[in-house]
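What the coordinates show
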Amino acid sequence: ETPIVAPLLSYSALGQPGRGGGRWTLDANFLSLTRTSGTDSRRLSLLGGWELPHIAPTGEVYRLYASLQSDAYFVDDVVADGAAPGTTLDGFTGRIFPRIGLDWRFPFAQSSGGSTRILEPVAGIMISPNGGNPDKVPNEDSQDLEFDDTNLLSRNRFTGIDRVEGGQRLYYGLQMGWFGQAATTSAFVGQSYRVRRDSTFSTDSGLEDHFSDIVGRVAIKPNFPLNIQYRFRLDKGDFSPRRNEVTASLGPKAFKLNVNYSFFGQGTGSGEFTDREEIITGFRSQITNEWAFSASTQRDLELDESLRHNFRLEYVCDCFKMSLDFTRTFTQDRDVRPTETIFLRLSFKNLGEVGTSAGP
């Protein structure tokens, strides 16, 4: 059931600002995905967009945007949600999906005593047709949805192209910051409201109701080599934690320690996962200006077992980047088995990259 993806082609273009600062964007994607057992899919996607920023004399910041996504699919053996066992869909399908929206920000700043404080309310509205996900369109690249502060304001909160977020929604939040000589602190909290409830998002995803869960982050960066960031998702009803993530790094570039603790409540990803509690510890050493070495280990605290060990050697110069990874994974799921992998990636800046891997 593990898919073979070949080829996967992507193209993106960004136009020059025109009259009033508006500019066009274009994203194109072609995917061919096959399996020896299961769904096969061929996809051609085109996403054209236009954005117009505007700063009012009062200091308010607006951004008007519109887009049109056109997708064409040729599929085999697609299992539709709720279909009878053994029933599959085949053939051509597609969709044309427009969006239009408006973002608004109003930053306030105050400086005194060598520090600056910022308070910025943000809000927006997005309008699109209801639905937009035909049964014949397989969900290959949009399953691992984790609702958080990074995609609250996104136009499509799914991770890929196969799923779109239809309907009308509002999103709003408050961004704060304190920038001083001793430290820098920032925080954000926000929520969204969907006009129409439907089955687009899975149960317990934090987006299935009219009002979403509350998401946010707090970042602290003192004036020495320490960074701390806390990200959260709270239940909209009783404010109980649905997601907690703490990331910290300590030390200079010569030897920096890293810790990442994560708790994900049931409903993350495709909605089939139970609670997960994990910790990743490691270090990174910048040996010279060009060479760096890092190592990390990931552990499941609920099951008290290791999930992954990784070692990486990197070389970076003005026009070239090389990374060599050795990874030992302990995950087992259907046809996925524990394995060791060596992965070499060569990146030529402004030209492209090539990679190869070896494993059992």
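For the structure, check the block above.
None of these values were measured; they are calculated from a predicted model.

Looking only at helices and strands, the protein features zero helices and 19 strands. For the protein, the C-alpha radius of gyration of 23 Å lies close to 21 Å, the compact-globule estimate for 360 residues. Each principal axis of the C-alpha distribution contributes one length, and for the protein these read about 70 × 55 × 50 Å. Counting over 360 residues, the protein shows a buried share of 32%. Taking the contacts inside the protein whose residues are at least 6 apart along the sequence as the reference set, 46% of them involve residues at least 24 apart. Looking at the protein as shown, the accessible area adds up to about 20,400 Å², and 59% of this sits on carbon and sulfur atoms. Side-chain charges of the protein comprise 38 positive and 45 negative groups, with the mean position of each set lying 7 Å from the other.

Taken together, Leu64, Ile100, Leu102, Ile125, Ile127 and Leu170 make up a surface patch of nonpolar side chains, about 450 Å² in accessible area. When contributions to the nonpolar patch are tallied by element, the ones reaching two or more residues are β5 (89-105) and β7 (115-127). Residue placement: Ile125 occurs in strand β7.

Sheet faces and side chains relate simply in a regular strand, where the side chains alternate between the two faces. Of all eleven residues in strand β1 (residues 4-14), zero are buried; the element is thus mostly exposed. When β1 meets strand β2 (residues 23-34), the two strands line up antiparallel, connected through nine bridges. By the bridge assignment, Ser12 is partnered in β2 with Asp27.

So, about the state of the cysteines. Among covalent bonds in proteins, the disulfide is the one between the sulfur atoms of two cysteines. Across all of its chains, the model carries zero disulfides by this definition. You can see Cys317 has no disulfide; the closest cysteine sulfur is in Cys319, sitting 4.3 Å from it.

Among the structural elements, Ala6 can be located in strand β1. Judged by relative accessible area, Ala6 falls into the partly exposed class, the value being 49%. For the pair Ala6 and Ser32, spaced 26 residues apart in the sequence, the C-alpha separation amounts to 5.6 Å.

All right, on to the side chain of Ser249 then. Inspection of the secondary structure puts Ser249 in strand β12 (residues 241-250). Not counting the four nearest positions on each side in its chain, Ser249 is found in contact with Pro225, Leu226, Asn227, Lys256, Leu257 and Asn258.

This next bit is on the pairing of β2. Where β2 and strand β3 (residues 40-55) come together, eleven bridges link them in antiparallel fashion. Along β3, the bridge assignment pairs Ala28 with Leu46. Connecting β2 to the next strand, β3, in antiparallel fashion are five residues, including Gly38 with a positive phi near 130°.

Residues Val122, Leu145, Phe147, Leu152, Phe158, Phe188, Phe201, Leu207 and Val215 constitute the largest nonpolar core, which totals nine residues. In this structure Phe158 touches Ser142, Leu145, Arg163, Val164, Glu165, Thr200 and Phe201, once residues within four positions along its chain are discounted. Ranked by size, the runner-up nonpolar core spans five residues in total, among them Val75, Val78, Val137 and Ile161.

Quick look at the side chain of Asp235 now. The residue Asp235 is located in the loop between β11 (226-234) and β12 in this model. Ignoring anything within four residues of it in the chain, the contact list for Asp235 reads Asp213, Ser240 and Arg242.

The omega torsion across Ala6 and Pro7 is 0°, close enough to zero to call that bond cis. With respect to the helices and strands, Pro7 occurs in strand β1. Notably, Asp77 is not glycine yet its phi reads approximately 60°, a positive angle. Residue placement: Asp77 occurs in strand β4 (residues 61-78).

Once that is clear, we can look at the pattern of salt bridges. Tallied over the full model, the rule gives 32 salt bridges. Between Asp149 and Arg231 there is a salt bridge whose closest N-O contact spans 3.0 Å. Separated by 82 residues along the polypeptide, Asp149 in the loop between β7 and β8 (168-179) and Arg231 in strand β11 bring together distant segments of the chain. By relative accessible area, which is 14% here, Arg231 ends up buried. Among the charged side chains, a network of salt bridges with common partners joins Glu146, Asp148, Asp149, Arg217, Arg231, Arg243, Glu245 and Arg276.

Scoring rules and cut-offs
For every chain, the first residue of the written sequence is number 1, and numbering continues from 1 along that sequence. Confidence filtering applies because this is a predicted model: local features only for residues at pLDDT of at least 70, side-chain atom pairs given and counted only at 80 or more, and all residues used for totals across whole chains, interfaces and linings. To obtain the side-chain values, all non-hydrogen atoms of the structure were included, while hydrogens and water were left out. Strands are runs of DSSP state E lasting at least 2 residues, helices are runs of H or I lasting at least 4, and numbering of each runs from the N terminus. With the radius of gyration taken over C-alpha atoms, the globule rule is written as 2.2 Å times the number of residues to the power 0.38. Only protein chains enter the area calculation, which uses a 1.4 Å probe; residues under 20% of their type maximum are buried, those over 50% are exposed, and those in between are partly exposed. Here, two residues are considered to be in contact whenever any of their heavy atoms come within 4.5 Å of each other. Using a 1.4 Å probe, accessible areas were evaluated by the Shrake-Rupley method; residue-level cover was limited to the displayed protein chains. Within this scheme the basic residues Lys and Arg register as positive and the acidic residues Asp and Glu register as negative, but His and the chain ends are omitted. Throughout, a charge is located at the NZ atom of Lys, the CZ atom of Arg, the CG atom of Asp or the CD atom of Glu. Nonpolar side chains (Val, Leu, Ile, Met, Phe, Trp, Tyr) are joined into patches within 5 Å and like charges within 9 Å, using only residues with over 30% relative accessible area and no salt bridge. Salt bridges, as used here, are contacts in which a Lys or Arg side-chain nitrogen is within 4 Å of a carboxyl oxygen on Asp or Glu. At least two bridges found by DSSP between two strands are what make those strands a pair. Only a pair of cysteine sulfur atoms within 2.5 Å qualifies as a disulfide here. Put simply, a nonpolar core is a bunch of buried Ala, Val, Leu, Ile, Met, Phe, Trp, Tyr and Cys residues held in one set by side-chain atoms that sit within 4.5 Å of each other.

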